[in-house]
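# Structure assessment
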Amino acid sequence: MDFTFTEEQQAAAEAARGVFADVAPDAVPSPTLTRGAVADDFDRALWGRLADADLLGLLLEPEHGGAGLDAIALCLVLREAGKVLARVPLLENSAALAALQAYGGEELKSAVLARAGRGEVVLTVAAQGRTGGHDPAERAVTARRDGDGWVLDGMQTAVPWAYDADFTVVPAHTDADRSVLALVPRGHEGAELAEQVATTGERLGELRLGSVRVPQKYVVEGEGAWEWLRELLATGTCALALGLGERVLRMTGEYTGKREQFGYPVATFQAVAVQAADRYIDLRAMEATLWQAAWRIGSGAPGALPAAGDVAVAKIWAAEGVRRVVQTAQHLHGGFGADVDYPLHRYHAWAKHLELSLGPAAAHEEALGDLLAAHAAG
């Protein structure tokens, strides 16, 4: 087997490193010191640079102005974003575009894809449901046909960038027990937002939908559209967690290599080295399971279980692994790690957010167990 990345995938990662090179993780006030959200908007300047580097349309086909790459390329870019805590809806926008391209109608594609790929329109996804990923998000909203459109009722919690995105992609279930995706414009009649704040200090939105009418052209009915989008979002979250964990372990190595006790760097102490080695193993497991999931999503290759099984394994490792990495880093930094003038506490806050996004490890363990039981029964 050849596990090397293609030239195009490596080029996307290299472009991302260039764009993110000057991004400061502490460019906004510390969430520890801030009442409410740390900022009113995402990093628009960075968003513009990502657009200029053609990184917003990675998964779009050339006919829509994109690069025609796959989920692996997106995850390589997201990995770099995680290292600097990039405050942009790169995952949500990219995943939504990919789902609309694969399952949406031609009118919807022509209205949204190219513009969003250029950064002129921003998309986000309401993927947390009512319980933050414990229960199926599509069950939190009902969709019923009404004339030449659809009517949505329900609520989605913790919607990222909800106050800033032009459209929110909302999964919903129908009377026929099918899932659809509806694009709801910001400020649409009947759609209300209540402010929530993540552990990162970023502003989230509780999206409340009361008889919201959506035209037919903005509803995606393709079979499997929501399931595919959810899997891509979860895998992208794993990529962000991997990048964050890698940067944190590097910070820890640099600190323990300089910090001395009894005349020696603490990195040379066996207890410190063993803990760091354990976290390195966590990161390598996170990486291996991430690429497996991304490859299954991007290629559609068959496996012993559906791709959802690989995604669940990746999210379990990402959720538990990134938590262990930041906890060990905090421990090995001592009191210095809690200093709000040092960025480690920010990484800790983002790690907790990523751990719980789209469901914690326990939720994905349950999903994996169901898949295994169904596969065994079949």
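Reference entry: report on the structure contained in this document.

Calculation criteria
- Residues numbered from 1 in each chain as written.
- Predicted model: local features only at pLDDT ≥ 70, side-chain atom pairs only at ≥ 80, totals over all residues.
- Heavy atoms only, no water.
- Helix = DSSP H or I, 4+ residues; strand = E, 2+ residues; numbered from the N terminus.
- 1 Å grid on protein atoms, 1.4 Å probe; cavity = no way out; pocket = protein on both sides within 12 Å on 5 of 7 lines; lining within 4 Å.
- Points joined across faces, edges and corners; volume = space filled by probe spheres on them.
- Contact = heavy atoms within 4.5 Å.
- Salt bridge = Lys/Arg side-chain N within 4 Å of Asp/Glu carboxyl O.
- Buried < 20%, exposed > 50% of the residue type's maximum accessible area, 1.4 Å probe, protein only.
- Phe/Tyr/Trp six-rings, centres within 6.5 Å; stacked < 30°, edge-to-face > 60°.
- Axes fitted to C-alpha atoms, helices over the stretch in contact; angles between N-to-C directions.
- Parallel < 35°, antiparallel > 145°, perpendicular 65-115°, else oblique.
- Left-handed = near helix turned anticlockwise from the far one by under 90°.
- Core = buried A, V, L, I, M, F, W, Y, C linked by side-chain atoms within 4.5 Å.

### Overview of unusual backbone geometry
With the exception of glycine, most residues fall at negative phi, and the peptide bonds are largely trans. A positive phi angle is found at D177, which is not glycine, with a value near 60 degrees. Within the element layout of this structure, D177 appears in the loop between β4 (167-173) and β5 (179-185). If you check the backbone angles, S211 has positive phi at about 50 degrees while not being a glycine. On the secondary structure map, S211 appears in strand β7 (residues 203-215).

### Regarding empty space enclosed by the protein
Within the structure shown, the criterion is met by 1 cavity of 30 Å³ or more. Its volume calculated, the largest cavity comes out at about 40 Å³. Taken together, A39, D40, D41, F42, R87, W161, D164, E202 and R203 make up the full set of residues lining the largest cavity.

### Overview of the side chain of Q9
Tracing the backbone shows Q9 in helix α1 (residues 7-20). The residues touching Q9, leaving out its near neighbours within four places in the chain, are D70, I72, A73 and L76.

### Here's the deal with the pattern of salt bridges
Per the stated rule, a full pass over the model turns up 27 salt bridges. The residue R145 makes a salt bridge to E221 at a minimum N-O spacing of 2.6 Å. Of this pair, R145 sits in strand β2 (residues 141-146) while E221 is found in the loop between β8 (219-220) and α6 (225-258), placing the two residues 76 residues apart along the sequence. Relative accessible area serves as the criterion here: at 22%, E221 is assigned to the partly exposed category. The partner of R208 in a salt bridge is E206, and the shortest N-O contact between them spans 2.6 Å. Residue class for E206 comes out buried when judged on its relative accessible area of 15%.

### Some thoughts on the packing of aromatic side chains
Tallied over the entire structure, the rule returns 7 aromatic pairs. Judged by centre distance (5.5 Å) and plane angle (65 degrees), the rings of F42 and W47 are edge-to-face. A relative accessible area of 3% places W47 in the buried class. Between the aromatic rings of F42 and W161, the centroid separation amounts to 6.0 Å while the plane-to-plane angle is 85 degrees, which identifies the pairing as edge-to-face. On the criterion of sequence distance, the pair formed by F42 in the loop between α1 and α2 (44-52) and W161 in the loop between β3 (149-160) and β4 is long-range, its members being 119 residues apart. Looking at W161, the relative accessible area reads 9%, which means it is buried. Put simply, the rings of F42, W47 and W161 touch in pairs and so form one group of aromatic residues.

### Quick notes on the packing of α1 against helix α3 (residues 71-83)
With their axes 9 Å apart at the nearest point, α1 and α3 run at an angle of 20 degrees to one another. Classified by the angle between their axes, α1 and α3 sit roughly parallel to one another. Where α1 crosses over α3, the two elements pack in a sense that is right-handed. The segment α1 lies against α3, with Q9, A12, A13, A16, R17 and F20 engaging I72, A73, L76, V77, E80 and A81.

### A look at the nonpolar core
Counting residues in each nonpolar core, the largest one holds 109 residues, and the members touching the most others are F20, L50, L152, L229 and L244. Sorting elements by how many residues they give to this core places α6 first, with 15 residues. Apart from residues lying up to four places away in sequence, L152 is in contact with V141, T142, A143, A172, A182, V184, L209, G210, S211, V212 and V214. Judged by nonpolar contacts, the second largest core, of 6 residues, contains L305, A312, A319 and A361.

As far as function goes, none of this settles anything; it's purely spatial.
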